[in-house]
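Descriptive structure summary
So you can see what is in the structure, the chains are spelled out below.
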Amino acid sequence: MKKPANALKERRQMNSNTLLLLITIALFFVMYIAGMIIYTDKGFSTVQTLCNLFVNNAALICVACGMTVVMLTGGIDISVGSLVALDCMVLCYGMANWNLSAPVAILLVLVIGIVMGVVQGFLVGYLEIQPFIVSMAGMFFARGMVSVISTDQLSITADINQAFYNFANARITFPFGATINRQGVAIYPYIRLGVVIALAVLIITFLILRYTKFGRGLYAVGGSEQSAAMMGLNVKRTKMMAYVTCSLLTTIGGICFCMNGLMASTTTADGFEMDAISSAVIGGTLLTGGVGNVIGSFFGVLINGTINALVQTDGRLASSWPNILTAALLCVFIVLQSIFAKIKEKSK
Amino acid sequence: MSKLKKFTQNQLFMPIVCVVLVLLINVVYDVAQGRPFYEFFRIYLSDAAEPVLQGRLISILNRGSEVAILAIGMTLVVSASAGTDISVGSVMSLCACVCCTVLAGDMAPQTTELAVPLIVGILAGLVVGCLCGAFNGFLVANLNIQPMVATLILYSAARAIGLLVNHDFIIYVRNDTFAVLGGYVGPVPTPIIIAAVCIVVALLVLKKTALGMYVQSVGINRKASRIAGLNSTLIIFVCYLICGLCAGVSGVVASSRITSADPAAIGLTFEMDAILAVAIGGNSLGGGKFNLAGSIIGAYTIQAITTTMYNLGISSAVAPVFKAILIIILVVVQAPPVKAFFARRSAARALNAAQKEAASV
């Protein structure tokens, strides 16, 4: 008689996490459709608005994927925003002042990202220092290095690097969903290459988390380090690899960010780390580790982006509203999570 | 030998080593620049009509006041809930905005007259700080939400709410009574006095009442403390409340210092400094036992490092790189595996010595 009861409970436990994910996804669609209805006259219902949502948040999607990987192990990485700024600065300064070609510059930032990840991962995994402190140091370091390289606002123009400029400005045009402008010319919606990179990152991360030994190891370590170690997992190495993955994905996000803005300054991507964390939390990833999924984080990013887009489209609201709304949403979600956790505990 | 060992294993050993190191760097630099070695410690009265205390030590104590006040609350929060309150910087800015808005009255962006008595404005700021602390405390203590996630809400919202309160303006309250809080009482800078009062009150409360012990016991094991008869939830809640109050106090001081409320600038990255102060003070961020004196030494150490860097001619933009390297060195030295490594080595050495002695006998 015991077995069926247990199975039932297990199914209910699975459900509460899936339910949160479903709520997140539903919330995004509700918000977006409501926006389309309310702001039709301001052009919110065009396909291009949806494309812009992806174009503007391509970098955040990559970074949120990386953040999810780290959060699954029960850690946190608050250095991602500064790392994005460092990537942008190295790309801009490297191409303008060291005459690097685009592939070399991109390779250089990828190496920087991996080195940051290895150092932070080593400190967290092998030396058992708290992730928050380690990544705080990483944040200061990366932000400081941006200033060491240059305190000016740099930008990439066609004169500086034709190849990167063209790559960043390339459009992938859809053959449908056109809007007719005043001259009567049909304008087809487009996305930029950054979106393709971001979606590729999303799918690859999803597959890695779901089907590889490394991915399952992340969940195991996040669930219980002790059990994972007893099972024979190399906990230290898994943790370190999580930080390397996060920094690598963040660097890819940084490249997307640079392609979108084509400039760099000391304040680039300020507060990006908190956007990434809140996206992941809204998407159902627990900071305690072991629970979460990049699809949730992806919708978390879209919800964040939709709030920004709605406030921008409205135009009458003060600039501080996106922050307040995101925070309120975050509040609702973590309260929901805590209630679900309590129900789960009671059913045990 | 055993005395030395006792001293090096004291929790205050690392913070004190840090302070001494910073002082040494200053002294060496001063001597190298041809200044007398006591330049760093020189305190003198300025030549103005109303002389005030000046000198590098005074400036460190003065500028470090806000972080020192924040460090009090942060130490309690870290100890009781094994997590950090990352909202303190934003809450500081919100409290400053509320305080200045109340003082300015009819939403004039720039005023020299106080619309209400000074105490009302200060109280308004402090009450908002307490409310923010209570909000965080409720989420963490009652709803069992991870401290960092719970405080993430106010981290992003408080600054924005402050901007909303200010109607997107920077509110200037150029009033002498208000400026006193961030200025001078007689020759002594007021922030030093305020910080000293806060520290003394906190130390007295923690030493004379059982609160300090309760906080530590809840931090070490929440469940066991509850079974032993402590109201763990209430204690964690109170810690966050105190942390919010501390943020309120330092927010008011910070706004008085610049006689305005600039939501974007007040308390920026102060949460990081406060957490760092706790960590430098030798307190584990994993909760449990704490040492308030360590945190406060840590807070002033951070300010001393900043002042030293400016003194050495390092620009404020580059300073974070050195801060980062310092943090890493500090935490690596204190990391459990590193400590265990050194402990093993000294044990092996002792064993070796004992074996040699035995052989010689």
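Here the structure is a predicted model, which means the values were calculated and not measured.

1. Quick word on the overall build of chain B
- Regarding its fold elements, chain B presents 16 helices and seven strands.
- Since a compact globule built from 361 residues should have a radius of gyration of about 21 Å, the 23 Å found for chain B is in line with a globular shape.
- When its C-alpha atoms are laid out on the principal axes, chain B stretches across 90 × 65 × 35 Å.
- A total accessible area of about 16,400 Å² is found for chain B, and carbon and sulfur atoms account for 68% of it.
- The positive charge centre, built from 22 side chains, and the negative charge centre, built from 14, are 22 Å apart in chain B.

2. Brief notes about the interface of chain A and chain B
- Every contact between the two is made by 39 residues of chain A and, on the other side, 42 residues of chain B.
- Viewed at the interface, chain B and chain A are joined by zero salt bridges.
- Of all the secondary-structure elements, those providing two or more residues to the side of chain A that touches chain B are helix H5 (131–149), helix H11 (272–282) and helix H13 (321–347) of chain A.
- For the side of chain A that touches chain B, a count of residues per class yields 27 nonpolar, 10 polar and two charged.

3. Side note on the domain arrangement of chain B
All names here are of chain B.
- By domain assignment, chain B separates into domain 1 (8–313) and domain 2 (315–345).
- Together, the buried faces of domain 1 and domain 2 total about 900 Å²; carbon and sulfur atoms form 78% of this surface.
- Area buried by domain 1 at its contact with domain 2 is led by Met14, Leu276 and Met309, which between them contribute 46% of it.
- Between the two partners, domain 1 and domain 2, sit one salt bridge.

4. Remarks on the packing of aromatic side chains
- Inspection of the entire model under this criterion finds 12 aromatic pairs over all chains.
- Summarising the aromatic geometry, the rings of A:Tyr93 and A:Trp98 are spaced 5.4 Å apart at their centres and angled 80° between planes, so their arrangement reads as edge-to-face.
- Ring geometry for B:Phe341 versus B:Phe342: centroids 5.5 Å apart, planes at 70°, classification edge-to-face.
- Using a relative accessible area of 38% as the deciding quantity, one classes B:Phe341 as partly exposed.

5. Section: the side chain of B:Thr301
Residue and element names in this part refer to chain B.
- On the secondary structure map, Thr301 appears in helix H14 (residues 292–311).
- Since its relative accessible area comes to 2%, Thr301 is described here as buried.
- Discounting residues that sit within four places of it in the chain, Thr301 has contacts with Pro15, Cys18 and Val19.

6. A word on the side chain of A:Ser82
All names here are of chain A.
- Residue position: Ser82 is located in helix H3 (residues 80–97).
- Take Ser82: its relative accessible area is 1%, and that puts it in the buried class.
- Those residues in contact with Ser82 that sit more than four places away from it in its chain are Met139, Ala142, Arg143 and Glu273.

7. Notes on the state of the cysteines
- Summed over the entire model, instances satisfying the criterion amount to zero disulfides over all chains.
- The thiol of A:Cys246 is unpaired, and the distance to the nearest cysteine sulfur, on A:Cys65, comes to 10 Å.
- B:Cys99 supplies the cysteine sulfur nearest to B:Cys100, a cysteine that is in no disulfide, at a spacing of 5.2 Å.

8. Focus on unusual backbone geometry
- A positive phi angle is found at A:Leu262, which is not glycine, with a value near 55°.
- Its place among the elements puts A:Leu262 in the loop between helix H10 (235–261) and strand S6 (263–264).
- What makes A:Leu262 buried here is its relative accessible area of 10%.
- Phi at B:Thr269 is positive, roughly 60°, even though this residue is not glycine.
- If you trace the backbone, B:Thr269 turns up in the loop between strand S7 (260–261) and helix H13 (270–280).

9. Observations regarding the packing of H13(A) against helix H7 (residues 147–165) of chain B
- Between H13(A) and H7(B), the shortest axis-to-axis distance is 8 Å and the interhelical angle comes to 155°. Compared by their axis directions, H13(A) and H7(B) come out roughly antiparallel. Two packed elements cross with a definite hand, and for H13(A) against H7(B) that hand is left-handed. Of the residues in H7(B), those touching H13(A) at A:Trp321, A:Asn323, A:Ile324, A:Ala327, A:Leu330, A:Cys331 and A:Ile334 are B:Val149, B:Ala150, B:Leu152, B:Ile153, B:Ser156, B:Ala157, B:Ala160, B:Ile161 and B:Leu164.
- Here the contact of H13(A) with H7(B) is composed, by residue class, of 14 nonpolar, two polar and no charged.

10. With respect to helix H12 (residues 294–314) of chain A
Residues and elements named next belong to chain A.
- Along its 21 residues, H12 runs 30 Å from first to last C-alpha, staying within 8% of the 30 Å computed at 1.5 Å per residue.
- The buried fraction of H12 amounts to 17 of the 21 residues, a majority that puts the element mostly inside the structure.
- Backbone geometry just after H12 places Gly315 at a positive phi near 80°.

11. Some points on the nonpolar core
- Among the nonpolar cores identified, the biggest contains 196 residues, and A:Ile78, A:Leu91, A:Met136, A:Phe164 and A:Ile277 are the most heavily contacted of them.
- In this structure, B:Ile305, B:Ile314, B:Val318 and B:Ala319 belong to the second largest nonpolar core, which totals nine residues.

12. A few points about the sheet that holds strand S4 (residues 171–173) of chain B
All names here are of chain B.
- The three strands are arranged S3-S4-S7 in an open sheet whose pairing can be described as mixed. At either margin of the open sheet sits one strand with a lone partner, and together these are strand S3 (110–111) and S7.
- With two bridges connecting them, S4 and S7 associate as antiparallel partners. Paired with Tyr172 across the bridge in S7 is Ser260.

13. A short note on the pattern of salt bridges
All names here are of chain A.
- Applying the stated criterion across every chain, the model contains five salt bridges over all chains.
- Here Asp270 makes a salt bridge to Arg143, at a shortest N to O gap of 3.4 Å. Of this pair, Asp270 sits in the loop between S6 and H11 while Arg143 sits in helix H5, and the two are 127 residues apart along the sequence.
- On the basis of relative accessibility, which here comes to 54%, the residue Asp270 falls in the exposed class.

Basis of the calculations
Residues numbered from 1 in each chain as written. Chains lettered and ligands numbered in written order. Predicted model: local features only at pLDDT ≥ 70, side-chain atom pairs only at ≥ 80, totals over all residues. Heavy atoms only, no water. Helix = DSSP H or I, 4+ residues; strand = E, 2+ residues; numbered from the N terminus. Rg over C-alpha atoms; globule rule 2.2 N^0.38 Å. Areas by Shrake-Rupley, 256 points an atom, 1.4 Å probe, with all protein chains shown as cover. Lys, Arg positive; Asp, Glu negative; His and termini not counted. Charge placed at Lys NZ, Arg CZ, Asp CG, Glu CD. Contact = heavy atoms within 4.5 Å. Salt bridge = Lys/Arg side-chain N within 4 Å of Asp/Glu carboxyl O. Nonpolar A, V, L, I, M, F, W, Y, C, P; charged D, E, K, R; others polar. Domains from an automatic or database assignment. Buried area = accessible area lost by both parts, 1.4 Å probe. Phe/Tyr/Trp six-rings, centres within 6.5 Å; stacked < 30°, edge-to-face > 60°. Buried < 20%, exposed > 50% of the residue type's maximum accessible area, 1.4 Å probe, protein only. Disulfide = S-S within 2.5 Å. Axes fitted to C-alpha atoms, helices over the stretch in contact; angles between N-to-C directions. Parallel < 35°, antiparallel > 145°, perpendicular 65-115°, else oblique. Left-handed = near helix turned anticlockwise from the far one by under 90°. Expected span 1.5 Å × (residues − 1). Core = buried A, V, L, I, M, F, W, Y, C linked by side-chain atoms within 4.5 Å. Pairing = 2+ DSSP bridges.

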